[in-house]
Amino acid sequence: MRRTVFNEDHEAFRETLRAFIEAEVVPVYDEWFAAGQAPRDFYYKLGELGIFGISVPEEFGGAGLDTHKFEAVLYEETARAGVQFGGSGVHVLLALPYIKMLATDEQKKRYLPKFVTGEEMWAIAMTEPGTGSDLAGMKTTARLSEDGTHYVLNGAKTFITGGVHADKVIVCARTAAPTAEDRRHGISLFAVDTKSEGYSIGRKLDKLGLRTSDTAELAFVDVKVPVEDLLGEENKGFSYLGHNLASERWGIAFGAYAQAKAAVRFAKSYVQERTVFGKPVAHFQNTKFELAACQAEVDAAEAVADRALEALDAGELTPAEAASAKLFCTEVAHRVIDRCLQLHGGYGYMNEYPIARLYADNRVNRIYGGTSEIMKTIIAKDMGL
């Protein structure tokens, strides 16, 4: 079946991106892996390449393209090379939609030019210790000062991807108490400058996978946030958070499919080169059957991911459809990557092989953006169950 989701512009971008990865990332990726993060200056290179400005309006230095297809190419090419671009995914996939949706013209003029160049990297801080997926249970507060010029932010966040290198963080905090009728009431969003007094970075968390992505704990002690940095309306933050979940879950789904596709590529290459009992591993029927089954699953995941991409670009991707795509693609990736690692034998367990890193990187896909169990709940509710 001929794939129709990408056009010549996307393929030209793919060629440029593939050359960039081979020249700027692959030679130093082992160093990033050992350090547990990509270097800060790498994000300036991504800015120069235009990665951060694809969907940013031209007036703020971007390309003004209203599509997620270039992001899709990025997922495929990084997975193909067995690399990650540090914590920069949050910068574009998670933070940018909130800026575009909620920021005033004045805020966009302040935020977006530096966003595009990588001069200011963004992250988003939702999760708190002890709350997990229950965002309505957050305890971080932002109280308006008596003179009305700023909010005073107090609290803590955890699992914040990009939290070490971030220059701005979209922080979710309570500006009012929840009501008996609505636990979600009273949450607001703020663009917080990480250089603010009272803002501190705790541990850089030691993760199982995504080793080059800096993930941190954050703490706020009487941090002053100017009222000019409130994003959207006060107390309506929870509804804003829900608005972008479909695109976030599509991103996880597409990234998982791309990882599964890459795993088949890695395994096919390995079994053709590896010899046992005097024959390449690829000559054994079990190897052929395993890879054939994996390829069939990848083909199905690609169709689901592409369909969700087209719906997202058309503004028609529903929460249930996004949940279905995420559930299916992440579960497929889990099965495929595990089987491809098995075909590597003991070498598949060594971090020097990309399949081992891919195995660890993939595991979080069934957790963040809503666990697989949450996805099933959403789908079941949409079915009327």
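Please read these numbers as outputs of a predicted model, since none were measured by experiment. (Residues numbered from 1 in each chain as written. Predicted model: local features only at pLDDT ≥ 70, side-chain atom pairs only at ≥ 80, totals over all residues. Heavy atoms only, no water.)

Engineer: Any chance you could explain the overall build of the chain here in plain terms?
Structural biologist: Along its length, the chain carries twelve helices and ten strands. Over its C-alpha atoms the chain spans a radius of gyration of 21 Å, differing by no more than 12% from the 21 Å that the globule rule assigns to 385 residues. Referenced to the eigenvectors of the C-alpha coordinate spread, the extents of the chain come out at roughly 80 × 50 × 40 Å. The buried share among the 385 residues of the chain stands at 52%. Of the contacts formed within the chain by residues at least 6 apart in sequence, a portion of 76% connects residues at least 24 apart. About 18200 Å² of surface is accessible on the chain, with carbon and sulfur atoms providing 53% of the total. Counting 43 positive and 54 negative side-chain charges, the chain places the averaged centre of each group 6 Å from the other. (Helix = DSSP H or I, 4+ residues; strand = E, 2+ residues; numbered from the N terminus. Rg over C-alpha atoms; globule rule 2.2 N^0.38 Å. Buried < 20%, exposed > 50% of the residue type's maximum accessible area, 1.4 Å probe, protein only. Contact = heavy atoms within 4.5 Å. Areas by Shrake-Rupley, 256 points an atom, 1.4 Å probe, with all protein chains shown as cover. Lys, Arg positive; Asp, Glu negative; His and termini not counted. Charge placed at Lys NZ, Arg CZ, Asp CG, Glu CD.)

Engineer: I would appreciate a short explanation of unusual backbone geometry in the present structure.
Structural biologist: Most of the time, phi is negative for any residue but glycine, and the peptide bond is trans. Positive phi is not limited to glycine here, since aspartate 222 has a value of about 55°. Position of aspartate 222 relative to the elements: it lies in strand β7 (residues 215-226). One non-glycine residue, asparagine 235, adopts positive backbone phi at about 75°. Looking at the element boundaries, asparagine 235 is found in the loop between β8 (230-231) and α7 (237-243).

Engineer: Teacher, can you tell me more about the environment of glycine 163 here?
Structural biologist: Tracing the sequence through the fold places glycine 163 in the loop between β3 (150-161) and β4 (168-174). Setting aside residues up to four positions removed in sequence, glycine 163 forms contacts with Ile201, Asp214, Ala216 and Leu218.

Engineer: In this structure, what is going on with the nonpolar core? I would like to understand it.
Structural biologist: Considering soluble globular proteins, one finds that nonpolar side chains tend to be buried as a cluster. Ranked by size, the top nonpolar core spans 111 residues in total, and within it Val25, Phe42, Phe85, Leu153, Leu189, Val336 and Cys340 carry the most contacts. If one sorts the elements of this core by residue count, helix α8 (residues 245-273) sits on top with 15 residues. Not counting chain neighbours up to four residues away, the residues in contact with phenylalanine 85 comprise Leu17, Phe20, Ile21, Val25, Phe42, Tyr43, Leu46, Leu74 and Thr78. (Core = buried A, V, L, I, M, F, W, Y, C linked by side-chain atoms within 4.5 Å.)

Engineer: What am I meant to see in the pattern of salt bridges here?
Structural biologist: Side-chain pairs of opposite charge can arise where the charged atoms are in close proximity. Throughout the structure, instances matching the rule amount to 23 salt bridges. A salt bridge links glutamate 76 to arginine 14; the shortest N-O distance between them is 2.9 Å. With a gap of 62 residues between them, glutamate 76 in helix α4 (residues 69-81) and arginine 14 in helix α1 (residues 8-25) connect regions that are remote in the sequence. Given a relative accessible area of 7%, glutamate 76 falls into the buried group. Notably, a salt bridge pairs lysine 168 with aspartate 193, separated by 4.0 Å at the nearest N-O pair. Residue lysine 168 is found in strand β4, and its partner aspartate 193 is found in strand β5 (residues 187-193); the two are separated by 25 residues along the sequence. Each of the salt bridges in this network shares a partner with another, and the network as a whole consists of Arg3, Glu11, Arg14, Arg18, Glu76, Glu77, Lys261, Glu302 and Asp306. (Salt bridge = Lys/Arg side-chain N within 4 Å of Asp/Glu carboxyl O.)

Engineer: What is the right way to read the state of the cysteines from this model?
Structural biologist: Simply put, the disulfide is a covalent bond whose two ends are the sulfur atoms of two cysteines. This model, assessed by the stated rule, comprises zero disulfides. Lacking any disulfide linkage, cysteine 294 is separated from the closest cysteine sulfur, that of cysteine 340, by 4.2 Å. Given a relative accessible area of 0%, cysteine 294 falls into the buried group. Owing to a relative accessible area of 0%, cysteine 340 belongs among the buried residues under this scheme. (Disulfide = S-S within 2.5 Å.)

Engineer: I tried to follow the packing of helix α9 (residues 285-313) against helix α10 (residues 319-343) on my own but got confused; where do I start?
Structural biologist: A pair of packed helices can be characterised by two numbers: the angle between their axes and the separation between those axes. As a packed pair, α9 and α10 sit with axes 10 Å apart at the nearest point and diverge in direction by 155°. By the angle between their axes, α9 is roughly antiparallel relative to α10. Handedness of the crossing formed by α9 with α10: left-handed. For the pair α9 and α10, contact is made by Thr287, Glu290, Leu291, Ala293, Cys294, Glu297, Val298, Ala300, Ala301, Val304, Ala305 and Ala308 and by Ala325, Phe328, Cys329, Val332, Arg335, Val336, Arg339, Cys340 and Leu343, respectively. Class assignment of the residues belonging to the contact of α9 with α10 gives a composition of 16 nonpolar, one polar and four charged. (Axes fitted to C-alpha atoms, helices over the stretch in contact; angles between N-to-C directions. Parallel < 35°, antiparallel > 145°, perpendicular 65-115°, else oblique. Left-handed = near helix turned anticlockwise from the far one by under 90°. Nonpolar A, V, L, I, M, F, W, Y, C, P; charged D, E, K, R; others polar.)

Engineer: Even after reading the chapter, I still don't get a nonpolar patch on the surface, so can you show me in this structure?
Structural biologist: Taken together, the side chains of Tyr347, Tyr349 and Met350 make up a nonpolar region of the molecular surface, amounting to roughly 370 Å² of accessible area. With respect to the secondary-structure elements, tyrosine 347 resides in the loop between α10 and α11 (354-362). (Patch = residues over 30% accessible without salt bridge, like charges linked within 9 Å, V, L, I, M, F, W, Y side chains within 5 Å.)

Engineer: Just checking my understanding: could you explain the packing of aromatic side chains for this structure?
Structural biologist: Working definition: an aromatic ring pair is given by the centre-to-centre distance plus the angle between the planes. Following the criterion strictly, the structure yields 16 aromatic pairs and no others. Ring-pair connections join several aromatic residues into one group, and the members of that group are Phe20, Tyr29, Trp32, Phe42, Tyr43 and Phe85. Stacked on the ring of phenylalanine 6, the Lys or Arg arginine 14 has its end atom at 5.3 Å from the ring centre. When the ring centre of tyrosine 44 is taken as origin, the NZ or CZ atom of arginine 40, which lies over that ring, is 4.8 Å away. (Phe/Tyr/Trp six-rings, centres within 6.5 Å; stacked < 30°, edge-to-face > 60°. Lys NZ or Arg CZ within 6 Å of the ring centre and 35° of its normal.)

Engineer: Quick question: what am I supposed to make of the side chain of lysine 326 here?
Structural biologist: With respect to the helices and strands, the residue lysine 326 is situated in helix α10. The buried charged residue lysine 326 lacks any salt bridge, with glutamate 331 as its nearest oppositely charged partner at 7.9 Å. If near-sequence neighbours (up to four positions away) are discounted, lysine 326 is found in contact with Arg249, Ile252, Ala253, Asn365, Arg366, Tyr368, Gly369, Gly370 and Met375.

Engineer: Explain the packing of α8 against α11 here, please?
Structural biologist: With their axes 10 Å apart at the nearest point, α8 and α11 run at an angle of 160° to one another. Of the possible angle classes, the one that applies to α8 and α11 is roughly antiparallel. Where α8 crosses over α11, the two elements pack in a sense that is left-handed. Within the contact between the two elements, α8 uses Gln259, Ala262, Ala263 and Phe266 and α11 uses Pro354, Ile355, Leu358, Asp361 and Asn362. Taken together, the residues that form the contact of α8 with α11 break down as six nonpolar, two polar and one charged.

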